[in-house]
4 protein chains.
Amino acid sequence: MGSSFGRLFRITTFGESHGGGVGVVIDGCPSRLALSPNDIQQELDRRRPGQSTIVTQRQESDRCEIVSGVFEGKTLGTPIAILVRNEDARPEAYRENQETYRPSHADYTYEAKYGIRNWQGGGRASARETIGRVAAGAVARKILGQLFPRLEVLAYVTCVHELVATIDSATVTREEVEANPTRCPDVAVAAQIVELIEGTRRRGDSLGGVVECVVRQPPAGLGEPVFDKLEADLAKAMLSMPATKGFEIGSGFAAAKMKGSEHNDAFEIRGAEVRTKTNHSGGIQGGISNGENIIFRVAFKPTATIAQPQKTVTAGRTETTLAAGGRHDPCVVPRAVPIVEAMTAIVLCDHVLRQRAGSLARP
Amino acid sequence: MGSSFGRLFRITTFGESHGGGVGVVIDGCPSRLALSPNDIQQELDRRRPGQSTIVTQRQESDRCEIVSGVFEGKTLGTPIAILVRNEDARPEAYRENQETYRPSHADYTYEAKYGIRNWQGGGRASARETIGRVAAGAVARKILGQLFPRLEVLAYVTCVHELVATIDSATVTREEVEANPTRCPDVAVAAQIVELIEGTRRRGDSLGGVVECVVRQPPAGLGEPVFDKLEADLAKAMLSMPATKGFEIGSGFAAAKMKGSEHNDAFEIRGAEVRTKTNHSGGIQGGISNGENIIFRVAFKPTATIAQPQKTVTAGRTETTLAAGGRHDPCVVPRAVPIVEAMTAIVLCDHVLRQRAGSLARP
Amino acid sequence: MGSSFGRLFRITTFGESHGGGVGVVIDGCPSRLALSPNDIQQELDRRRPGQSTIVTQRQESDRCEIVSGVFEGKTLGTPIAILVRNEDARPEAYRENQETYRPSHADYTYEAKYGIRNWQGGGRASARETIGRVAAGAVARKILGQLFPRLEVLAYVTCVHELVATIDSATVTREEVEANPTRCPDVAVAAQIVELIEGTRRRGDSLGGVVECVVRQPPAGLGEPVFDKLEADLAKAMLSMPATKGFEIGSGFAAAKMKGSEHNDAFEIRGAEVRTKTNHSGGIQGGISNGENIIFRVAFKPTATIAQPQKTVTAGRTETTLAAGGRHDPCVVPRAVPIVEAMTAIVLCDHVLRQRAGSLARP
Amino acid sequence: MGSSFGRLFRITTFGESHGGGVGVVIDGCPSRLALSPNDIQQELDRRRPGQSTIVTQRQESDRCEIVSGVFEGKTLGTPIAILVRNEDARPEAYRENQETYRPSHADYTYEAKYGIRNWQGGGRASARETIGRVAAGAVARKILGQLFPRLEVLAYVTCVHELVATIDSATVTREEVEANPTRCPDVAVAAQIVELIEGTRRRGDSLGGVVECVVRQPPAGLGEPVFDKLEADLAKAMLSMPATKGFEIGSGFAAAKMKGSEHNDAFEIRGAEVRTKTNHSGGIQGGISNGENIIFRVAFKPTATIAQPQKTVTAGRTETTLAAGGRHDPCVVPRAVPIVEAMTAIVLCDHVLRQRAGSLARP
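Residues numbered from 1 in each chain as written. Chains lettered and ligands numbered in written order. Predicted model: local features only at pLDDT ≥ 70, side-chain atom pairs only at ≥ 80, totals over all residues.

Draft legend 1. Focus on helix α8 (residues 333-358) of chain A. Taking 1.5 Å of rise per residue, the 26 residues of α8(A) would be expected to cover 38 Å, and the 37 Å separating its terminal C-alpha atoms lies within 8% of that figure. Along α8(A), 25 of the 26 residues are buried, which leaves the element largely enclosed by surrounding structure. (Helix = DSSP H or I, 4+ residues; strand = E, 2+ residues; numbered from the N terminus. Expected span 1.5 Å × (residues − 1). Buried ≥ 20, exposed ≤ 12 C-beta atoms within 10 Å, placed from the backbone.)

Pasting the structure below:
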């Protein structure tokens, strides 16, 4: 249990990094939505390894197949199953992991929970699992695009280690984000990030970072108090991604150091609409979107796999030392960007459908 | 929708700040657990207003009634309904709110979503809603206490505005936390916090802060990848509480500035068990508890209600100025401590029951 | 677990026959629906004991209180908690049940499952639990009435023991159903039923019966294949009621004895609409309503409580004989009618909300 | 939505009769269960077309692939995805269905609900969808077999049209059921059924029937009142299968014609256990299994597809006549037997896991 997410737009991912493949079943996608494999492939290509020198050099084509739920280019309203086959499997590369727990990986905890694990790679804890999320996110984006043509979901890297970018969330564009392999739209800082990541990789080490996401032009009224507040579901979505350590919305942790007179977002009338002068709330008040931009940040830890030797233990309870071979991302945040966007689109889409259900008098 | 939380230990809260009352229905509590109204009242008393000079002076006795599910002092396995009547209602104090949206409150968003709101107080967005959570948390604690007698769930204030406490999460005790009204166990900082909050109240302003929570002696194996990772459910639980802006586990946002060689928690054998030398993971790896202490922090914004006049708008779309009367907490973190603990106990209890269901070979 | 029903219009009932009370929390009721205690009380009065000579003579006023979710006569969109206090409790009347399992009651199975039971009456297995269902059904009816003013949900008794009524489901009215205490609108058969039930009661025995329910003027398109087919959810709703033994839709078990050429419902154009000439399908095809009347039947067993002495066993595993005292319905079907209607309205309402969520292009 | 079933052993089926394939994702299967493709293939082979002269002559090999969740012959505790490719597709055979609604099929209702349908065969309403159920049922059986080695789930045909078999549910064996293509273990009646079905097929007609299912040696304590009563979940499971029209447990509709003094199941002590002398309850009392055999029956309508010409209408709202070509089962009950067993095993398995979660003091 635990492989499903969402209430009305409900995704169930499946698959380990090694074995038949990975994928997702989407239940609850409205019918008659135009959907092609290419819509999904585009997003999968953004998260795919091997795209630049700063990410893992594994070659995976990650071609998706829509197994069900689409007919003549349109969704049927039935479950959409999407499958991506595994390839480039080199289980022998992982033979050592059969006995040895990699530090800060999930080897030990999967063993503690399930009494078994697929040691040929990360298994279910591998980042390959996010392929299903990105595929479902592509579908969610299509739905949002049809209902709210001006709504944008845009994520980008704001920080890698000590390098902090300056980015205006109100105006940054996807083109700027995709313009370099770091997915940091601050060009000067991006160049430093590339250099830092490459150096870190050479030293057999890895780096953490922060991804920020903005939803521009969202409708007001999304989110269902008290437990399914919009920020609560976003927080769960983000912390369910591998390697995440924190989530903050709007003012975030900085709010703790503020006074109410500074933090409160004064209302004003702008263009006949109720708007706020500031947006410390991050677009959500009382768990419900207020129509301002939704802004949040996600902290990612440094990749657990590093080439430097590390102390660890074996399943047989003896202490040992491990030095990872294999090909890994020295910093996950560039490839995390499309995953953050996907999970955001999924949360929004679910709440959009829920909001449509709940109102008797619909505009 | 959105008023239920948990999969096997499932709580449904109900109630507005004004009206018949607030409460919770707990479905899924195991049978034959000893449970008395006093078990619940104790925890309710910790979140009750009017306990000291630094919290709201509203007087609410918050006496709970167990309406169902308990017979002769034991749980029946049937739903436990707990009701707390509202009192001290002074709707006239809120008359102004009928027309005017309070900045950074949920007045406008509830109106945008539902087209109606109970303007006599905070309605469903009031902190009174958390009474049901605290009551359910008391039941969750009893279950955890029976299954894991050494497990402790302990939260405390680590920061109010610029004042940051020094606390050892491994050794701090509940007695130390409860020893002063701030629920900050660093005595020197606690004294400064009292002074700061009282001064802030006099100036008609409010303050944010941070609550940290530690779970000591948790079992390994809790959490269900990939979406119901333990930290994901904790993040959702925390962000579903009023006034929260951020959540971080273990190293949290600091992880973004670390290298893998620093951040990874090396395994070692200690007392025949697999343990980690450090705990940057915060007790959870791959979404599953590893047996180390679970540690996380929650950021709270400054109370939205302040006595200083603020710019805002009316339902009729005219701009106006509002100065709150009424009695409010100038800083929510002291009273948030028992709520953080309650939600933590609820998440743990749910995952404990899930873990018991999922294992064929049970110890 | 197991005390919640519905996905978007979600009810959670609570309460035992003895103790503080029984009730329901409804989560997912749309906002701004006019709702008064009287809307609910009307339906509760229809299921209340003591209404005639053929039902139990227990006197329970069953006054409902709306604890939350309604403000100034309108729903808020927040959970609606409804509470009915228990009264007329005479636990000493049940003292014998503490040790002795009543045949065909739930005493033994609750003990087997939970290791404990409230022996003061039927506990959670009592028909009093259905109060919460009827209250929620009254709310569901209001929603359906607002969205589909011509839709009718009407149940009635078609059979008690060997007495079988002749009723035209297309034209029977609620007035005819409520015209006599049997809730059988066939006047001649109703008179025989009264006589039969009274004689049976005198002999200390009880009787089974059948309730039929028709939904007239339903919209087409309700039901969600493949598991949440409309008839599947109706079947679950009906079999979740106490004392039910069977469910059939449309042709039901008679379909097993038919040929396809007889059973198939030929389509025709009537008033520009697609309609069927016959309705063996009972208004549902492939799990989705087709706009014809939805018709189903529910079998009820004879009341388990009878005055005649019966062989049984004690908790201590000795054989014994039991003769029930107390006041009970000699036949449950008259009082089951409003409960069948309530559960039907709840299922329809849930699927109406689901259907509204699922369609991008809404009429 | 609506393609998932179960709470802890949760299955999500996907796929249309034409397109990439059909299958299921099982979330919540305990880890370390021995599972091979052959375990699943065996059950799939029992539901496969083309096995005898009395079922459809379509040739489908229905080979299953376990895509995920199994490693070195054991379950991982992660989602088990099972895929069966479609083949033998002759979409041109269905061209007529693009415009014309087949009577008593789901063509019209899918169109009414979704505004689109895959007209190349039955789409999602095809019996091919049940492949996913049978695959999941095979996994559920393995779990039940490990936990309750003596538990048996056995279904068989008791009636086709007017032909009614005599079968002792307590002693009938799977070998007897599988001994002839009707899956009716009454040899004499089985021979008549073969003759009847063959004659009916020649006349271009079809027949209904009844399947009975018995669960022998079930544990007591399964089922979760009040809504997730064991019979309620069984009823939903059965009515969610194509072509079903009714469900009855134990005495079923016959209970309506009985007196309490006849119907009540007297308790007795047998072999130190609490047992009932009769079993009108069908093994479930108050929604919870009592340890007696669980017995229920399911009514199936005659196959909707018949070769005789029928009146119907087109999507363009004109009346027309349709005579089906294609190859279809003239009576579904023989092939329904393994599907009934699969859904029963799934329901039991889910409740077994739920019961394990809910008890603090576990044996």
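Draft legend 2. Representation of the relation of the copies chain B and chain C within the structure. Taken as rigid bodies, chain B and chain C are interconverted by a rotation of 180° and an axial shift of 0.0 Å, the fit giving an RMSD of 0.0 Å. The transformation just described matches what one would write down for a two-fold rotation axis. Comparing interface residues between copies, 100% of those in chain B also lie at the interface in chain C; the contact surface is shared. (Least-squares fit on C-alpha atoms with pLDDT ≥ 70 in both. Contact = placed C-beta atoms within 7 Å.)

Draft legend 3. Layout of the relation of the copies chain A and chain B. Overlaying chain A with chain B gives an RMSD of 0.0 Å, the required rotation being 180° about an axis along which the chain moves by 0.0 Å. Looking at chain A, 100% of its interface residues are interface residues in chain B too, so the copies touch through the same face.

Draft legend 4. The arrangement of the sheet that holds strand β3 (residues 21-27) of chain D in detail. Residues and elements named next belong to chain D. Here five strands make up an open sheet; going across it, the order is β1-β2-β3-β7-β4 and the pairing antiparallel. Only two strands of the sheet have a single partner each, and these edge strands are β1 (4-5) and β4 (64-66). By the bridge criterion, five bridges tie strand β2 (residues 10-14) to β3 in an arrangement that is antiparallel. Counterpart to threonine 13 in the pairing with β3 is valine 24. Sitting on the sheet, helix α1 (residues 37-47) touches β4 and β7 (80-85), and the angle it makes with β4 is about 150°. Where helix α3 (residues 130-147) meets the sheet, it contacts β2, β3, β4 and β7, and its direction lies at approximately 35° from that of β3. (Pairing = 2+ DSSP bridges. Axes fitted to C-alpha atoms, helices over the stretch in contact; angles between N-to-C directions.)

Draft legend 5. Molecular detail of the interface of chain A and chain B. Listed by partner, the interface residues are 89 residues for chain A and 89 residues for chain B. Sorting elements by how many residues they give to the side of chain A that touches chain B places helix α6 (residues 230-239) of chain A first, with six residues. Residue composition of the side of chain A that touches chain B, grouped by class: 37 nonpolar, 30 polar and 22 charged. (Nonpolar A, V, L, I, M, F, W, Y, C, P; charged D, E, K, R; others polar.)

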